[in-house]
Amino acid sequence: MTPSTDRNETLFERAKRVIPGGVNSPVRAFRAVGGTPRFVQRAQGAYFWDANDRRYIDYIGSWGPMILGHGHPTVVAAVQKAVTEGFSFGAPTEREIELAEEILKHVPSMEMVRLVSSGTEAGMSAIRLARGATGRSKIMKFEGCYHGHADALLVKAGSGLATFGNPTSAGVPAEVVQHTLVLEYNNVQQLEEAFALHGKELACLMIEPIAGNMNFVRASVPFMQRCRELCTQYGALLVFDEVMTGFRVALGSAQSVYAQAIPGFKPDITVLGKVIGGGMPLAAFGGPRTLMEQMAPLGPVYQAGTLSGNPVATACGLATLREISKPGFFEALSRKTRSLVEGLKTAAAAEGVAFSADCQGGMFGFFLMSELPQNYATVMKTDSPRFNTLFHGLLDRGVYIAPALYEAGFVSAAHSEEDIAQTVAAAREVFKLLAK
Ligand SMILES: *Cc1c(COP(=O)(O)O)cnc(C)c1O
């Protein structure tokens, strides 16, 4: 056999010898869509180049963080300066205060915030805080929402409302998920029944307000309103997992979108990640002062991290947040994302392909079905062979979208009108194939 001239293939073979599946996070492996993952060589603006030096328009943006595009000069300069001042100290820095202040300024439901290194860590700590503050053990989540890979959250629904969840991963003992109740997203009746049964034992309800881990599914306003009311009524905390939506769908995050529809609306605890690190390992959780003062060293809820509030990561996050809080930033980003979504819809309609799409700020999702799904079961009815045709068709035409049909997409400030037009033109060619 002659050695491959495709460097992505060569690298993938080499990676598989030393890294399980050749990747350090499963979805990167292209298992859902088939084919060879693209190994990224470098990235700039709205593009990255693979190991064959082929350019792609990037709609993943590191799964959300790269809201300014790759290599934004101001962010690069901030990181370069930070690096020369020191990588990590294990002692507090002024920049951590600055980043905390910048986050709190835009998300008024939070009065205090703790910085950590990953969304998983932030979500896990938020649950510990909710349990510590309420003295209760049970937690509620929704099918299709991803909150990181902490043991208690790797769970699927049990056989009925009275039964709690079953682990979705080997290595998670049934006992560890016995306190996790999994419900259907956007199902008000089931929510009410579950609260009637378990509300008094519930520490928190955790939700992705716009679920980006089942592509793009919004919690309906009436559903969200009931989540808030029932949490308040039963003394459970409403935990907003905004790791993906935070500073991505609006400067005030998804909670500001719901506050427009529900006067006075706010969650109790907010979990952030992705954009607030600007591409560096950084995440956070926060809430009212009384709640956050339950955290060590002030309170009894333990939580810690060697690299928490890392000086290089905070420099990157801070520079990113300062750029995106400039006047007009989100208006321009939203317009661009909207034009992509509308362009795709028009192209699909022109070719007679069943298609629906939605977006908020710089986040979007689309489905090869005529109506937007409201829950995970419906998302999963999407025909995956057709999605795979779309994925590879776009990839062949230099457009990189998420390699799985249950993932959202992201537009950055670096995407130009021309990039969007090229993407829509590529999609139209693939829709033509799908229509046959
Ligand atoms: C990405 C994500 C996480 C996990 O964050 P990591 O940094 O990958 O650990 C948690 N919740 C949501 C909603 C996410 O999108």
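Residues numbered from 1 in each chain as written. Predicted model: local features only at pLDDT ≥ 70, side-chain atom pairs only at ≥ 80, totals over all residues. Heavy atoms only, no water.

As enumerated under the stated definition, the model contains 17 salt bridges in all. A salt bridge links arginine 226 to glutamate 192; its shortest N-O distance comes to 2.7 Å. Taken as a pair, arginine 226 in helix α6 (residues 221-234) and glutamate 192 in helix α5 (residues 188-198) lie far apart in primary sequence, 34 residues in all. Of the charged contacts in the structure, one is a salt bridge between glutamate 229 and arginine 226, with a shortest N-O distance of 2.6 Å. Placement of both glutamate 229 and arginine 226 in helix α6 is noted, with a separation of 3 residues, approximately one turn of the helix. Look at arginine 226 and you get partly exposed, because its relative accessible area is 22%. Residues joined in a network through salt bridges with shared partners are Lys81, Glu85 and Arg95. (Salt bridge = Lys/Arg side-chain N within 4 Å of Asp/Glu carboxyl O. Helix = DSSP H or I, 4+ residues; strand = E, 2+ residues; numbered from the N terminus. Buried < 20%, exposed > 50% of the residue type's maximum accessible area, 1.4 Å probe, protein only.)

The subject of this paragraph is the side chain of threonine 320. Here threonine 320 lies in helix α9 (residues 311-324). Apart from residues lying up to four places away in sequence, threonine 320 is in contact with Ile67, Leu68, Val75, Val275 and Gly278. (Contact = heavy atoms within 4.5 Å.)

What follows concerns the domain arrangement of the chain. Partitioning the chain into structural domains gives domain 1 (7-71 + 327-435) and domain 2 (73-324). A separation of 25 Å is found between the C-alpha centroids of domain 1 and domain 2. Counting residues at the interface gives 31 residues for domain 1 and 31 residues for domain 2. A buried area of about 2,600 Å², summed over both sides, lies between domain 1 and domain 2, and 62% of it is on carbon and sulfur atoms. The closest approach of N and O atoms between arginine 218 and aspartate 358, which form a salt bridge, is 2.7 Å. Summed over the shared surface of domain 1 and domain 2, the number is 14 residue pairs in polar contact (both at pLDDT 80 or more). At the level of secondary structure, the elements contributing two or more residues to the side of domain 1 that touches domain 2 comprise α10 (329-351), β15 (356-360), β16 (363-367) and α11 (376-379). With 5 residues, β16 is the largest single contributor of residues to the side of domain 1 that touches domain 2. Along the lines of polarity and charge, the residues of the side of domain 1 that touches domain 2 split into 21 nonpolar, 8 polar and 2 charged. (Domains from an automatic or database assignment. Buried area = accessible area lost by both parts, 1.4 Å probe. Polar contact = N/O pair within 3.5 Å; in protein donor to acceptor, adjacent residues only side chain to side chain. Nonpolar A, V, L, I, M, F, W, Y, C, P; charged D, E, K, R; others polar.)

So, about the site of the ligand. In the vicinity of the ligand, the contacting residues are Ser118, Gly119, Thr120, Tyr146, His147, Gly148, Glu208, Asn213, Asp241, Val243, Met244 and Lys274. Contacts to the ligand include glycine 119, whose backbone N or O atom sits 2.8 Å from an oxygen atom. Measuring from an oxygen atom of the ligand, one finds a side-chain N or O atom of threonine 120 at 2.7 Å. Taking 380 Å² as the accessible area of the ligand by itself, protein coverage stands at 82%. The residue makeup of the shell around the ligand, split by class, is 3 nonpolar, 6 polar and 3 charged. (Near = heavy atom within 4 Å. Areas by Shrake-Rupley, 256 points an atom, 1.4 Å probe, with all protein chains shown as cover.)

Counting 111 residues, the largest nonpolar core has Met140, Phe142, Leu191, Phe195, Leu205, Ile207 and Phe431 as its most contacted members. The leading source of residues in this core is α10, at 8 residues. No fewer than three residues from each of domain 1 (7-71 + 327-435) and domain 2 (73-324) sit in this core. The contact partners of phenylalanine 431, leaving out residues within four places of it in the chain, are Leu344, Ala347, Ala348, Glu351, Val353, Phe355, Leu368 and Leu390. If you look at the next biggest cluster of nonpolar residues, it comprises 22 residues, including Val116, Ala122, Leu237 and Ile269. (Core = buried A, V, L, I, M, F, W, Y, C linked by side-chain atoms within 4.5 Å.)

Right, let's get into the side chain of aspartate 50. Within the secondary structure, aspartate 50 sits in strand β2 (residues 47-50). Within the structure, the side chain of aspartate 50 is placed 3.0 Å from the side chain of asparagine 8, a separation counted as a polar contact. Within the local environment of aspartate 50, its side chain forms a polar contact with the backbone nitrogen of arginine 54, the two atoms lying 2.9 Å apart. Sequence-distant contacts of aspartate 50, defined by excluding residues within four places in its chain, comprise Asn8, Arg38, Phe39, Val40, Gln41 and Tyr56.

Glancing now at the sheet that holds β15. What the 3 strands build is an open sheet, ordered β15-β16-β18; its pairing is antiparallel. Among the strands making up the open sheet, the edge pair consists of β15 and β18 (409-410). Sitting on the sheet, α10 is in contact with β15 and β16, with an inclination near 175 degrees to β15. (Pairing = 2+ DSSP bridges. Axes fitted to C-alpha atoms, helices over the stretch in contact; angles between N-to-C directions.)

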